[in-house]
Amino acid sequence: MKKISCFLFITILTIKGAISQNSRPDLFSSKKRNPKTSTYFRNASETTIDGRLNRNALPYFLNSIPSIQGNTSFLISLDQGKKTPYFIKRKPSEIKNTRKISLVSPELCKKEAANFLIEVTPVLKFHNNTNEFEILNNQEGDLRHIRFVQKIAGIPVLGCDGVIHLNEDGTHTFHGHIENVPANLNANPSVSADQVVETALNDLKKTVVVRTLTLEEKQILEYKGPEAKLVILPRSELIKVYEIAWEISIRPNLIDHYHFYVSAVTGKIIFKENHTCTAIHATGTAPDLNGINQTLTSYQKDGTYYLIDTSNPMFSAKSVLPEQPIGAIWTMTAGNTDLTNIAQITSSSASAWTPTAVSAHSNAKICYDYFKNTHNRNSLNGQGGNIISVINVTDGGKSMENAYWNGKLMAYGNGGSYFKPLAGALDVAAHEMTHGVIQNSCNLRYSGQSGAINESLADIFGALVDRDDWKIGESITKNLTLFPSGALRDLSNPHNGGSSKSDYCWQPQHMDEFVITSSDNGGVHINSGIPNRAFYLYATQVTKEKAEKVYYLAMTKYLFASSRFIDLRISVVSAAAELYGENSNEVAQAKSAFDQVGILEGQGTKVEDTLPENPGDEYLLVTKTIKDNYRLETIKTSTSVRTLITSTKVGRKPSISDNGRVMYFVTPEGAIKQIYTGSNDESIFDNSRKWNNVSVSKDGTKIAAVTDDEDSSIYVRKTTAESPWIRFILYNPTFTQDSIRSKGPKYADALEWDHPGESIMYDCYNVIKGDKDSIVFWDVNFIKVWDNAENDFSDGTVTKLYADLPQDISIGNPSFSKNSPHIVVYEIIDESVGYVDMISTNLETSEGSFILGGNNGMLCFPSYSKSDARIGFTTWAPSGQDTIFAYVNMDVDKITPKNGFYSSISGKYFNYYANGDRVLGNDPIKSLDYKIYPNPFDNNNITIDFNPIGATEIVLINSLGQNIYQENLNLNGFIHHHITLPELKAGTYIIKIISKDGIFTSKLIKL
Ligand SMILES: [Zn+2]
């Protein structure tokens, strides 16, 4: 054992300097796969599990980044993901009579706006105290809307401006876009304006005619010559690394008008925009599927029209048209495939489109406009993301009787015997797109009660966008035997023409009718009838205009991932109180609406607890992969003592069990190696195929691995000798009642087991193939591969971490926190500039933070420390030569970074782990408080202590799957329930408790 003093944390972590635009790093070079189809998988005896085929899918485990936070004096809305406020309103309760002002002169109004900006500045939580605002002159005659721009040291921050709306009662609002620019920004240019104008002109000469304009031409254009001014700008939309740059306005000829952004530090061009001809949009009129003429906006290039609407404020000039629009409403066709060949829809005229294309394109625009105009939401993801619709989508090659949102795009089938082409229904489109909004706000899990709220909100906003009735799908429903009302669902009358739950059209409208089922993700499309009717009752009392404001606020601010019906009630009542006051009629009517459907006042659901910390010592596993110096060693963090584990070549980041006793890794040759850390016993665990990556479950009993091929599967086996591999098929989940096959995943890469050892979190490379360009991205998903209660492999259900990532944004290398199963950290990569950042997110509350300011093209492989007080990661050494270990100290919430440090420890991968044993917890999704004892039992009596409300069913199942005992109860709260079972053979049994709260299973052993 060698003792080396290390952990010299010397340098405060700073954001690395700019990287060259020309040397865009190949971030995922280690993640590339062999595109040939592997021959390993021809083996017919291999067990394959395809979760798509499983209709009783288990919970969606979704998440997104934060939206809104509370404050005592102000109502504050935050930008998604950035945690910067874009909307701040003084609460009416904060207004004192003396605050009332008279808005009579421009000077008074500007002064009032300036004072209000000073008041809200603490709320903006700037990291940098050199931030300032400049109030602009009032627009002529407009006294109440005062524009401002954000500046740092007198230099405007590009795109950061807004309006203060003044009210005589003092309820002013701040509405704008600001950026939290780090304090270490260097505001002094090292390159002069003349130099950058020269750079821009030289660049222009490569592609356009550059000539000196005549005096007359200059007068016509009102142009004096190239102008350069300093601005501060982020290197990309999402990853905020700021620098000072020159913005140059330049007209090289009579037609073109360029804006260049050139780094004032390096003198290199950051980006340029031609303000002429960036997007020629055309409008045309054509009939939709309902025979109604719709006006639509398309994009025209060289005489060809594309169904790309570039006319909305979210449109980004960085788009490459028509191949890569950003911030566009974009409609394409799958050409009657299962999304395997997406192509542009083109026309030689702005008005010649098929009715299906017209419907899809105009639906998307109407939905965009609704969320923008009514709720000030910038597209579905809140960040100006494309809204992509794809028509002519099939399901398994057959006409699809459905429409779905798959997290990235809206897919429409052409119907059949039940439905007309689904693009014909605006409410169906709005329903599906609202799933996109939900995924990016409260992110309700798609099962049980939270799933039913998810469905209900989709229906509610569907009915608000298509506002003329309370029905969903009335314009596409064909089959009047199944749907006698002529609609799929009806918010005003959830029974919808049916008489009982066996009717396909029927939904419950009161908690008395709540349906307990394990199909349809626990009845998400069934029990949504109850909250649907509550909304109908509310909106008819207070008006749709007020109800939609309340529900939008509840959705984006109050609801959380595992919310149940009671939480919906609490959220709606709280949102109404926030908007209209505690004692308002709007609050009273909300209570009354929920009372009427039997969702009564009560306690909300509590957010999950954390696990006990690992009681052992903390270590850092260091992997070095430098040529001729392959090493795997551990460092005890309290003493800095280093221990060599092996000098075997390590190909990828190792995976260690929670007690640190066993680790696995893949060698560069593709074998899985196993090492027991106590004895350093090292052996080949599996080399039956060429592996790329491996992960051991936290309890050490199971292994998940991916091969080196372009293979959309994850392989799982027990670590016991001779256990077979089970192959799980990856897919993109959708929000539909039936199992739709949404294609996309090419292969998984990084893998990590969840704490209970049931699901694997993985990152995945997706390609949705187009005729020219494809939609390509990495995202993070969960696949359920094991069921602890059944002690067997599970159904392979896939759920997503994020939906609708912005253009060019990929996420990967996810890792759980050590003690809070609902907190994860992962990398976020802006592929357009090569910046890597980390985000930590609380899956339950949808809160998250950026952790780094840009890892300069270096993947960081984050890992939480034993107590979760730190996140360790890989970064460049200050010398820029080697890669080293660094860490960020985290706040108690485990998601907010405090400060970061470099170490002198070099290596490629760093895993924190500890060597103690602990209970790893149950599946957090199944967390009903219940106790069954004795277990094992030897006579025929068992007792269950539990706390359900309402109809509850207890079922005992033997190893053959037969029901051997069943009992139905109607419960009113906590009981000790004694059961005398029939005479049973010794062996393992499964007990199921089925209640409104979900389905809970446990293993029982008879001795
Ligand atoms: Zn739905």
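Residues numbered from 1 in each chain as written. Predicted model: local features only at pLDDT ≥ 70, side-chain atom pairs only at ≥ 80, totals over all residues. Heavy atoms only, no water.

A few words on the overall build of the protein chain. When helices and strands are counted, the protein chain shows 11 helices and 59 strands. Out of the 1007 residues in the protein chain, the part that is buried amounts to 60%. Long-range contacts, defined as pairs at least 24 residues apart, comprise 58% of the intrachain contacts of the protein chain with a sequence gap of at least 6. Taken as a whole, the protein chain presents about 39,400 Å² of accessible surface, with 48% of it coming from carbon and sulfur. (Helix = DSSP H or I, 4+ residues; strand = E, 2+ residues; numbered from the N terminus. Buried < 20%, exposed > 50% of the residue type's maximum accessible area, 1.4 Å probe, protein only. Contact = heavy atoms within 4.5 Å. Areas by Shrake-Rupley, 256 points an atom, 1.4 Å probe, with all protein chains shown as cover.)

Turning our eyes to something else, we now look at empty space enclosed by the protein. A probe as big as a water molecule, rolled over the atoms, marks out the empty space that is left. In this structure the tally under the stated criterion is seven cavities of 30 Å³ or more. Approximately 550 Å³ is the volume found for the largest cavity. If you trace the largest cavity, you find 33 residues lining it, with Pro654, Ser655, Glu752, Ser815 and Asn911 closest to the centre. Where the lining of the largest cavity is concerned, the elements lending two or more residues are β30 (655–656), β34 (691–696), β38 (745–753), β44 (809–816) and β52 (909–914). (1 Å grid on protein atoms, 1.4 Å probe; cavity = no way out; pocket = protein on both sides within 12 Å on 5 of 7 lines; lining within 4 Å. Points joined across faces, edges and corners; volume = space filled by probe spheres on them.)

Let us look at the nonpolar core. Judged by nonpolar contacts, the single largest core of 83 residues is most densely connected at Tyr412, Met433, Leu457, Phe461, Phe535, Tyr538 and Tyr551. Shared between two domains, this core holds at least three residues of each, these being domain 3 (278–424) and domain 4 (440–560 + 565–604). (Core = buried A, V, L, I, M, F, W, Y, C linked by side-chain atoms within 4.5 Å. Domains from an automatic or database assignment.)

Before going further, it helps to spend a moment on the sheet that holds strand β14 (residues 281–287). Two orientations exist for strands paired in a sheet by backbone hydrogen bonds: parallel and antiparallel. Across the sheet, four strands lie side by side as β14-β15-β16-β20; this open sheet has antiparallel pairing. Each end of this open sheet is capped by a strand with a single partner; those strands are β14 and β20 (346–347). Note that strand β16 (residues 304–306) and β20 share two bridges and pair antiparallel. Within β20, the position partnered with Tyr305 by the bridge is Ser347. (Pairing = 2+ DSSP bridges.)

UniProt tags Glu432 and His525 as "active site" (unreviewed entry). The greatest C-alpha distance among the annotated residues, which extend across 94 residues, is 12.9 Å, indicating that they converge on a single site. With respect to the secondary-structure elements, Glu432 resides in helix α5 (residues 426–439). Residue classification places Glu432 among the buried residues on the basis of a relative accessible area of 5%. Looking at Glu432, its side chain comes within polar contact range of the main-chain nitrogen of Trp405, at 3.3 Å. With respect to the element layout, His525 can be found in the loop between α7 (520–523) and α8 (529–542). In this structure His525 comes out as buried when scored by relative accessible area, which is 8%. (UniProt positions renumbered as here; feature names shortened; annotations may be inferred. Polar contact = N/O pair within 3.5 Å; in protein donor to acceptor, adjacent residues only side chain to side chain.)

With 16 residues, helix α10 (residues 565–580) extends 22 Å from end C-alpha to end C-alpha; this agrees with the ideal 22 Å at 1.5 Å per step. Burial of α10 is extensive: 12 of the 16 residues sit out of reach of the surface. By the burial criterion, the buried members of α10 are Phe565, Ile566, Asp567, Leu568, Arg569, Ser571, Val572, Val573, Ala575, Ala576, Ala577 and Glu578. Looking one or two residues beyond α10, the residue adopting positive phi is Gly581, at roughly 100 degrees. (Expected span 1.5 Å × (residues − 1).)

What follows covers the coordination of the zinc ion. Taken together, the protein donors to the zinc ion comprise His431 (NE2), His435 (NE2), Glu455 (OE) and Glu455 (OE), at separations of 2.0 to 2.8 Å. Every donor counted, the four donor atoms about the zinc ion form angles of 52 to 127 degrees at the centre, which fits irregular coordination. Sequence spacing of the donors to the zinc ion: H-x3-H-x19-E. Placement of the pair is His435 in helix α5 and Glu455 in helix α6 (residues 448–465), with a sequence separation of 20 residues. (Donors = N, O, S within 2.8 Å, 3.2 Å for Na, K, Ca; no water. Tetrahedral: all angles 85-135°; square planar, octahedral: opposite > 155°, others 65-115°.)

Here we come to the pairing of strand β18 (residues 329–337). When you tally the buried positions in β18, you get seven out of nine residues, the bulk of the element. Bridge count between strand β17 (residues 308–309) and β18: two bridges; the pairing is antiparallel. Counterpart to Ile308 in the pairing with β18 is Trp330. Pairing of β18 with strand β19 (residues 343–344) involves two bridges; the strand directions are antiparallel. Counterpart to Thr333 in the pairing with β19 is Ala343. Between the end of β18 and the start of β19, which pair antiparallel, lie five residues, with Leu339 showing a positive phi angle near 65 degrees.

Here we come to the sheet that holds strand β51 (residues 897–906). With respect to topology, four strands assemble into an open sheet ordered β48-β49-β50-β51, the strand pairing being antiparallel. Sheet topology places β48 (863–864) and β51 at the edges, where each strand pairs with a single neighbour.

As a packed pair, helix α4 (residues 355–375) and helix α9 (residues 544–558) sit with axes 11 Å apart at the nearest point and diverge in direction by 95 degrees. One way to sum up the angle between α4 and α9 is to call them roughly perpendicular. Taken together, the residues of α9 that come into contact with α4 (itself represented by Tyr370, Phe371, Thr374 and His375) are Glu548, Lys549 and Tyr552. Taken together, the residues of the contact of α4 with α9 sort by class into three nonpolar, two polar and two charged. (Axes fitted to C-alpha atoms, helices over the stretch in contact; angles between N-to-C directions. Parallel < 35°, antiparallel > 145°, perpendicular 65-115°, else oblique. Nonpolar A, V, L, I, M, F, W, Y, C, P; charged D, E, K, R; others polar.)

Right, let's get into unusual backbone geometry. Residue Pro934 follows Tyr933 across a cis peptide bond; omega there is -5 degrees. Despite not being glycine, Asn376 shows a phi value in the positive range, around 55 degrees. Positionally, Asn376 belongs in the loop between α4 and β21 (387–395). Relative accessible area serves as the criterion here: at 26%, Asn376 is assigned to the partly exposed category. For Glu722, which is not glycine, the phi dihedral falls at a positive 65 degrees. Taking relative accessible area as the criterion, Glu722 reaches 76% and is therefore assigned exposed.

Turning our eyes to something else, we now look at α4. Its 21 residues give α4 an end-to-end C-alpha distance of 29 Å, which sits within 8% of 30 Å, the value for a rise of 1.5 Å per residue. Just beyond α4, the residue with positive phi is Asn376, at close to 55 degrees.

One pass over the full model with this rule turns up 24 salt bridges. For Asp917, the salt bridge goes to Arg661, with nearest N and O atoms at 2.7 Å. With Asp917 in the loop between β52 and β53 (930–933) and Arg661 in the loop between β30 and β31 (662–666), the pair connects residues that are 256 residues apart, well separated along the chain. By relative accessible area, which is 47% here, Asp917 ends up partly exposed. A salt bridge links Asp711 to Arg727; the shortest N-O distance between them is 3.8 Å. (Salt bridge = Lys/Arg side-chain N within 4 Å of Asp/Glu carboxyl O.)

Before going further, it helps to examine the confidence of the model for the protein chain. Across the protein chain, the average pLDDT comes to 80, with 81% of residues at 70 or higher. In the model of the protein chain, strand β1 (residues 2–3) stands out as the element of lowest mean pLDDT, 27, in contrast to α8, which has the highest, 97. In the predicted structure, residues 35–44 sits below a pLDDT of 50 and forms 14 contacts with residues beyond four places in sequence or in another chain. (pLDDT = per-residue confidence, 0-100.)

Within this structure, the stated rule accounts for 29 aromatic pairs. Geometrically, the ring pair formed by Trp470 and Phe535 is edge-to-face, given 6.2 Å between the ring centres and 65 degrees between the ring planes. In this pair, Trp470 is assigned in the loop between α6 and β25 (471–472) and Phe535 in helix α8, connecting sequence segments 65 residues apart. In this pair, the class of Trp470 matches that of Phe535, namely buried. When the ring of Phe782 is compared with that of Phe816, the centres are 6.3 Å apart and the planes differ by 50 degrees; the resulting orientation is tilted. Of this pair, Phe782 sits in strand β40 (residues 775–784) while Phe816 sits in strand β44, and the two are 34 residues apart along the sequence. Judged by relative accessible area, which is 2%, Phe782 ranks as buried. (Phe/Tyr/Trp six-rings, centres within 6.5 Å; stacked < 30°, edge-to-face > 60°.)

Position of Tyr731 among the secondary structure elements: in the loop between β37 (726–729) and β38. Considering only alpha carbons, one finds Tyr731 and Cys764, 33 residues apart in sequence, at a separation of 9.9 Å. Separated by 2.9 Å, the side chain of Tyr731 and the backbone nitrogen of Val798 make a polar contact.

This part covers the side chain of Gln300. As for its placement among the helices and strands, Gln300 is situated in strand β15 (residues 293–301). Of note is the side chain of Gln300, whose polar atom sits 3.4 Å from the backbone nitrogen of Asp302. Within polar-contact distance, the side chain of Gln300 engages the backbone nitrogen of Gly303 at 2.9 Å.

Relative to the helices and strands, Thr943 is located in strand β54 (residues 941–946). Sequence spacing of Thr943 and His976 is 33 residues, and the spatial spacing of their C-alpha atoms is 6.5 Å. Residues within four places of Thr943 in sequence aside, it is in contact with Lys931, Ile932, Tyr933, His976, His977 and His978. Within the structure, Thr943 has its side chain in polar contact with the side chain of His978 (distance 3.0 Å).

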